[in-house]
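The lines below spell out each chain.
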Amino acid sequence: MALFTFHFGSLFAKDEDKIIISKMPQDLQDFFETAEACEGWVSNFDPRLDKITYSIVESAIKESCSDIETKLSTIKIKYKNNKDYSARLTVYDDTIIIYDEYERSLHHVGAEQ
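Residues numbered from 1 in each chain as written. Predicted model: local features only at pLDDT ≥ 70, side-chain atom pairs only at ≥ 80, totals over all residues. Heavy atoms only, no water.

### Remarks on the state of the cysteines
Using the criterion set out here, one finds 1 disulfide in the structure. With its sulfur 2.0 Å from that of its partner, cysteine 38 forms a disulfide with cysteine 65. Across the S-S bond of cysteine 38 and cysteine 65 the torsion is about 120 degrees, and the bridge reads as right-handed. Of this pair, cysteine 38 sits in helix H1 (residues 26–43) while cysteine 65 is found in helix H2 (residues 51–65), placing the two residues 27 residues apart along the sequence. Taking relative accessible area as the criterion, cysteine 38 reaches 1% and is therefore assigned buried. (Disulfide = S-S within 2.5 Å. Helix = DSSP H or I, 4+ residues; strand = E, 2+ residues; numbered from the N terminus. Buried < 20%, exposed > 50% of the residue type's maximum accessible area, 1.4 Å probe, protein only.)

Next comes the structure, spelled out in structure tokens:
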């Protein structure tokens with residue numbers, strides 16, 4: 001069941017070349033899709049969801065976010081000499097922050113219960 005659809009193929013890098021993501025290497029496209037999914041699931045997470053929906057959302061977050069920081073670091077290293085790709089990848093530093101905030105909120109909620 002797809003609750004979110006991400007249209008990342010028409011996004012542009014912030015450089016004069018306007019590199020379209022769909023023209024980038026497949027590993028970058030895969031990373032962008034995963035990072036967008038991670039951010040989407042986490043941004044819409046609400047611990048007050050019913051148990052079934054909570055379980056689905058929590059599973060989707062684990063699947064798309066669990067190693068997002070490692071993936072971002074690895075892909076940044078791989079493409080460090082490509083200014084267009086590197087510029088586009090910096091956008092996903094925010095995804096790491098959002099995921100970390102989500103993780104902290106779970107620990108905070110667990111401490112209150």
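### Let's talk about the pattern of salt bridges
Considering all chains together, one arrives at 4 salt bridges under this definition. Aspartate 67 is the partner of lysine 71 in a salt bridge, and the nearest nitrogen-oxygen pair spans 3.5 Å. For lysine 71, a relative accessible area of 30% puts it in the partly exposed group. Residues aspartate 93 and lysine 76 are paired through a salt bridge, measuring 2.5 Å at the closest nitrogen-oxygen approach. (Salt bridge = Lys/Arg side-chain N within 4 Å of Asp/Glu carboxyl O.)

### Comments concerning H1
Over its 18 residues, H1 runs 25 Å from end to end, which matches the ideal 26 Å to within 8%, given 1.5 Å per residue. By the burial criterion, the buried members of H1 are Leu28, Gln29, Phe31, Phe32, Ala35, Ala37, Cys38, Gly40, Trp41 and Val42. (Expected span 1.5 Å × (residues − 1).)

### Details of the nonpolar core
Formed by 25 residues in total, the largest nonpolar core has its most connected members in Leu28, Phe31, Phe32, Ile61, Leu89 and Tyr99. Of all the secondary structure elements, the ones that give two or more residues to this core are H1, H2, helix H3 (68–78), helix H4 (83–90) and helix H5 (93–112). No other element matches H1, which puts 8 residues into this core. Apart from residues no more than four positions distant in its own chain, isoleucine 61 is found in contact with Trp41, Val42, Phe45, Ser66, Tyr99 and Tyr102. (Core = buried A, V, L, I, M, F, W, Y, C linked by side-chain atoms within 4.5 Å. Contact = heavy atoms within 4.5 Å.)

### Comments concerning the packing of aromatic side chains
In the structure shown here, the tally under the stated rule is 7 aromatic pairs. With a centroid separation of 5.3 Å and an interplanar angle of 80 degrees, the aromatic rings of tyrosine 79 and tyrosine 85 are classed as edge-to-face. For tyrosine 79, a relative accessible area of 11% translates into the label buried. One aromatic cluster in this structure is built from Phe45, Tyr54, Tyr99 and Tyr102. (Phe/Tyr/Trp six-rings, centres within 6.5 Å; stacked < 30°, edge-to-face > 60°.)

### Observations regarding H2
The first and last C-alpha atoms of H2 sit 20 Å apart over 15 residues, in line with the 21 Å expected at 1.5 Å per residue. Among all positions in H2, only Val57, Ala60, Ile61, Ser64 and Cys65 are buried. Looking down the long axis of H2, one finds its buried residues gathered within 100 degrees of arc, a one-sided arrangement. Turned more than 90 degrees from where H2 packs its buried face, Lys51, Ile52, Lys62 and Glu63 sit exposed. At the N-terminal end of H2, a side-chain oxygen is found 3.2 Å from the backbone nitrogen of isoleucine 52, two or three residues along, and the residue is aspartate 50. (Arc of directions from axis to C-beta. Polar contact = N/O pair within 3.5 Å; in protein donor to acceptor, adjacent residues only side chain to side chain.)

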